[in-house]
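# Close look at the chain arrangement
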Amino acid sequence: MNKIDKYTKRLIMVVFLLLLFGVVMVFSTSWPYSYRIKGNEIEITRKHVIFVAISILSMLLFSHINILKFRKQSPKIFIAVFLMGFLVLTPLGMNIYNARRWIKLGGFTFMPSDFMKIASIMMMAYVIDRYKNNFTFRNIFLKYFVIAAVSSISVMIQPDFSTTLIIIGTLTAMYVIAGMDKKVLLFSGMGIVLASAGVIYKLNSGYSRASRIHAFINPLKYRDSKSWQLIKSLFAITNGSILGVGLGNGRQKFTLSEAHNDFIFATIAEEFGFVGSVILIGVYIYLAYLGIMIARNVKNLYGQMVIFGITFSIGLQTLVNIGTATGTIPPTGVTLPFISYGGSSLVMTSIMIGIILGIVRHDTKGR
């Protein structure tokens, strides 16, 4: 067995392990809410199992698709996904928690921002591959900036600041790996300063965003209002101590909103403690390691950059979710990959893994 096959098999095992653990934790965290809202304890878990099944099938399907043949179609895919993002402003869009991030078609609901993650990765990989023999500041920086800006516009109209940061962070990581010019560091720093100033200026335009910043800066002051969810999450993590209270014995999930979704890590920390939390974080680090090693052993540059992009995207999403639950970053609405309840996010993340497997299947290096 060559190296890339070894890494690929381990990647599949880790993903299936996380999916299985996710089913267990979704049931553990959701049954009080499910009973209160749906009338039975397993309704949310039942839906999650269906999402997991769809995710596995999607992963297998995309593992047989040669994404390398879609290299030249990357700009068209990127534009199509960009335009799809504006559907949230039409009657098809759904307003939940003061944000229009979802599109409903019949009985199916999905977030277009999940599609933008992979579309922006494919577009950036296309640019890097196209200019690989003339990778200069003049050729690459403006295109990188446009991809980041267009992606941000498509996602921020919802608004979804956390996903925007994940996308920009992923594109920047791809640029750095490909050989970022030193000039870009200066321009990127200026861009971050201007973007931060813009965010601060616009904070009061949306109650949700301003509340989250206030809750992050001084959670105890707003413990009965803006930071109530964050305080509950911190209580759960603290209650878990070193070894946790045991699977199913967590208490904060009875009152913590989004316990089975955005804040599922808090219950994991409560029921499995510091040791269990560290092990889970270690699994995600190992997943990122496998993605990087697979990319390094792929011959095709476009495929290599797509794998790097997917790996960083999943890694950043994990970092943002755990950072939110632990209060190290302002509260945001992103799921914990492969574990949290969430249809389109779970399916799209699994599709990303399928794309990695498809690239490996149709690549030739090391075979």
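This text gives an overview of the structure that appears in the document. Small disclaimer: the values here were computed from a predicted structure and weren't measured.

### Notes on the overall build of the protein chain
- Helices and strands together make up the secondary structure of the protein chain, namely 12 helices and 3 strands.
- Relative to its 367 residues, the protein chain shows a buried fraction of 49%.
- Within the protein chain, contacts between residues at least 6 apart in sequence are counted, and of these 72% link residues at least 24 apart.
- Surface accessibility of the protein chain: about 17,500 Å² in total, with carbon and sulfur atoms responsible for 67%.

### Side note on a nonpolar patch on the surface
- On the surface, I242, L243, F274, V275, V278 and I279 cluster together into a nonpolar patch covering about 590 Å² of accessible area.
- By the secondary structure assignment, V278 is in helix 10 (residues 264-296).
- By relative accessible area, V278 is classed as partly exposed at 41%.

### Some thoughts on the nonpolar core
- Grouped together as the largest cluster of nonpolar side chains are 86 residues, with contacts concentrated most on L18, L287, I294, I310, L336 and I353.
- When residues in this core are grouped by element, the largest group, 13 residues, is from helix 10.
- Contacts of L336, omitting those with residues within four sequence positions, involve I264, F265, I268, L280, Y284, T318, N321 and I322.

Here is what the cut-offs are and how they apply
Residues numbered from 1 in each chain as written. Predicted model: local features only at pLDDT ≥ 70, side-chain atom pairs only at ≥ 80, totals over all residues. Heavy atoms only, no water. Helix = DSSP H or I, 4+ residues; strand = E, 2+ residues; numbered from the N terminus. Buried < 20%, exposed > 50% of the residue type's maximum accessible area, 1.4 Å probe, protein only. Contact = heavy atoms within 4.5 Å. Areas by Shrake-Rupley, 256 points an atom, 1.4 Å probe, with all protein chains shown as cover. Patch = residues over 30% accessible without salt bridge, like charges linked within 9 Å, V, L, I, M, F, W, Y side chains within 5 Å. Salt bridge = Lys/Arg side-chain N within 4 Å of Asp/Glu carboxyl O. Core = buried A, V, L, I, M, F, W, Y, C linked by side-chain atoms within 4.5 Å.

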